[in-house]
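# Overview (structure and organization)
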Amino acid sequence: MKAVERVDQFYLLKQLPKATALLCKKGVLLDASSSWLDIFGLPPQNPDHQTMVFQLYPNASDLKKRLKENKPFTLGHKVTKNNGTCHYKSYFAPWFDEKENVIGTIIQTDDVTSEVEKEQQTAWLQHILETKVEVSKTGWWEFEIATKQLTWCKETKRIHQVPDCFEPTTMEAIEFFKPGYSQNKVSMLFHKAIENHQSYDTNLIIITFNGEERWVRVTGKPHIENGSTTKIFGTIRDIHDEVMAENKVKEHQQLLSTLVDSLPLNVYVKDLESRKVLINKGESHYINKSKEEIIGKNDFDIYNEDTAKISREEDIQVMKHLTPIIGKETAITHNGKTTHFLTSKIPYFDLDGKVCGLIGMSLDISSIKKKECELRDLIKITSMQNQKLIGFAHIVSHNLRSHSANFSMLLEFLKSESDPKERERIVQMLSQASDNLLETLGNLNQVVDVNTKTSVTKKQLFLKHNIVKVLQNFSAFLDKNDSHVINQVAEDIKVDCVPAYLESIVLNLISNAVKYRSPDRKPLIIINAVKSKEGVLLSISDNGLGIDLEKYGDKIFGMYKTFHNREDSKGFGLYLVKNQIEAMGGSITVQSEVDKGTTFNVYFNEES
């Protein structure tokens, strides 16, 4: 007789219809059916990949202890996946060999999600009914579909003002609702609850047995069995006084809203979480959204984070410490536009005297701030011009006095000198002094011209093209001094500048770089330019002698200030450059280190 071929037990295990798994005594998963592996999202097991069962039941802290007891037990658990949470019940039982020795544990797992959900739904419904009856004194009703029996509780009968012995039919119950909208509405909702299994919750008007009109809140929820409605549970609550009070509040709110909307201010009311609960038209117009879009939103939903954070901190200060903020100047940037406000925030109290939010008012003072800034700029410019005028007056006084004294002294020498050769030498000195005086007057005239010529306007110039033109005109001087210039300015960079001033600025800075070269190395000049939102930055760097900024930092741009012992140093170029740049609304700074070089940074103002 042919022996029956045995099938591998683990192969049979994989095909079991019920989710089953085998564990060794240490809690390691040996193998499991495909359905069991699917529950936990595990791959087929192999010797290289061991799964500890304890990590699959993270909420069962005593699982290891219970497995060691070698007794059957049941464990409820849940698994969360992408499509939701499933509830399971796992049965653990010892696994014996042929000699009745425990060699591990057998787990069988059932999906009990539907049972759990039904239990939760029943508990929830029961909780809702009990809460409404006990806390809100809300009446309930129940309708049996099969018997057509309608049951009212005592509270429901009290609301309808009927005797306790009154047993209504569905038609009588519907007829208690005010004819028209209320009666038609409840009929439609009741029908949809039966046919379409739709719950409802709405406010309607009933006419009581005593003829009073009362607002009530009615709810209904169908009970479904096998796809059909078997019962409808519902509640009814007398809300007449609440509705009447609510209507009065709405009337007052309408009056308040009309008054607040008429104010030439941005007015808003915030709750304790800084959510806007009321705004006027001014606030709505500023935010550029409807009231419905703004109500319930906080500043983080409307403004940028920095602005919202500052506003929230102010709100907390007002509401927590009950400290009003009155007439504080604030600047808010919204939709790319900055608006200046004079803002006030005061605590808002409820009827019990507890703070429940704040009231804010903001007056747009942007036009005032603009005039203030214009006035401040005018004062600043006037002050700067006065300082320049004082400095210029000192320079003129000092320099012309020096020239005058020199002329007087030479003329005295000339009068008292009889030697023809010596007289000729003094005349030459007078001629040189005259040339120096003319040069000084020319320099002073240039400064006056820069600071007073208001008719000169800026033009848009290609920076690199103008620098190249200066270098070409200056090429002989650069070649003579073996100087190398690297022009790294991009072709497309433009500056708004007076053409003559740009040429003078570049010429003076490059000539200075060559003039004050180091004797130990060939002059190297690097020219760069960067364009940003603020304007164009031109930098001219050299590897020359450098300047001791600690010693001369405050004198670099002074007139006739020199920092190196050179005969051709006159100290006028940088003074002229600074005046030309400032006349165009720009500025100049310097970075330098002795015997390493100097960098001049010129900031061009792009405004007209």
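Rules behind the numbers
- Residues numbered from 1 in each chain as written.
- Predicted model: local features only at pLDDT ≥ 70, side-chain atom pairs only at ≥ 80, totals over all residues.
- Heavy atoms only, no water.
- Pairing = 2+ DSSP bridges.
- Helix = DSSP H or I, 4+ residues; strand = E, 2+ residues; numbered from the N terminus.
- Axes fitted to C-alpha atoms, helices over the stretch in contact; angles between N-to-C directions.
- Buried < 20%, exposed > 50% of the residue type's maximum accessible area, 1.4 Å probe, protein only.
- pLDDT = per-residue confidence, 0-100.
- Contact = heavy atoms within 4.5 Å.
- Expected span 1.5 Å × (residues − 1).
- Arc of directions from axis to C-beta.

## Examining the sheet that holds strand E5 (residues 102-111)
A sheet is described by the order of its strands in space; here five strands give the open sequence E2-E1-E5-E4-E3, paired in antiparallel fashion. Of all the strands in the sheet, the pair left with one neighbour each is strand E2 (29-32) and strand E3 (73-81). Each strand of the sheet is rotated relative to its neighbour by a mean of 25°, with strand direction disregarded. Across six bridges, strand E1 (residues 19-24) lies against E5 in antiparallel orientation. What sits directly across from Leu23, in E5, is Thr105.

## Regarding the environment of Leu411
Its location among the elements puts Leu411 in helix H13 (residues 366-416). Relative accessible area serves as the criterion here: at 40%, Leu411 is assigned to the partly exposed category.

## Thoughts on the confidence of the model for the protein
When pLDDT drops low, the exact placement of atoms in the prediction is not to be read closely. Across the protein, the average pLDDT comes to 82, with 85% of residues at 70 or higher. Helix H14 (residues 420-452) is the least confidently modelled element of the protein, averaging 64 in pLDDT, while strand E8 (residues 200-207) averages 95, the highest of any element. Overall, residues 1-7 carries pLDDT values under 50, and its contacts beyond four positions in sequence, including any with other chains, amount to one contact. In this model, residues 559-564 is a region of pLDDT below 50 whose contacts with residues beyond four sequence positions or in other chains number 27 contacts.

## Things to note about helix H7 (residues 181-195)
For H7, with 15 residues, the first-to-last C-alpha span of 21 Å sits near the 21 Å given by 1.5 Å per residue. For H7, every residue scored as buried is listed here: Ser182, Val186, Leu189, Phe190 and Ala193. Projected onto a plane normal to the axis of H7, the buried residues spread over an arc of 100° and lie on a single side. In H7, those exposed residues whose orientation departs by more than 90 degrees from the buried face are Tyr181 and Asn184. Close packing links the buried residues of H7 with strand E6 (139-144), helix H6 (170-175), E8, strand E9 (213-225) and strand E10 (228-238).

## Section: the pairing of E6
Pairing between E6 and E10: six bridges, direction antiparallel. The residue bridging Gly139 from the neighbouring strand is Ile236, located in E10. Both E6 and strand E7 (residues 149-152) contribute to a ladder of four bridges, which runs antiparallel. Its bridge partner lying in E7, Phe143 is registered against Leu150. The antiparallel hairpin formed by E6 and E7 contains four residues in its connecting segment, where Lys148 sits at a positive phi of about 60°.

## Considering the sheet that holds strand E19 (residues 524-532)
Spatial strand order, E17-E19-E20-E22-E21: five strands in an open sheet with mixed pairing. The strands lining the two open edges of the sheet, one partner per strand, are strand E17 (484-487) and strand E21 (587-593). The mean inter-strand angle of the sheet, taken between neighbouring strand axes irrespective of direction, is 15°. Against the sheet, helix H15 (residues 463-473) engages E17, E19 and strand E20 (535-542), with an angle of about 165° to E17.

## A word on unusual backbone geometry
The backbone of His197 shows a phi angle near 60°, a positive value even though the residue is not glycine. Take His197: it is sitting in the loop between H7 and E8. Here Asp482, not a glycine, exhibits a phi torsion of approximately 55°, which is positive. Summarising the element assignment, Asp482 is placed in the loop between helix H16 (475-480) and E17.

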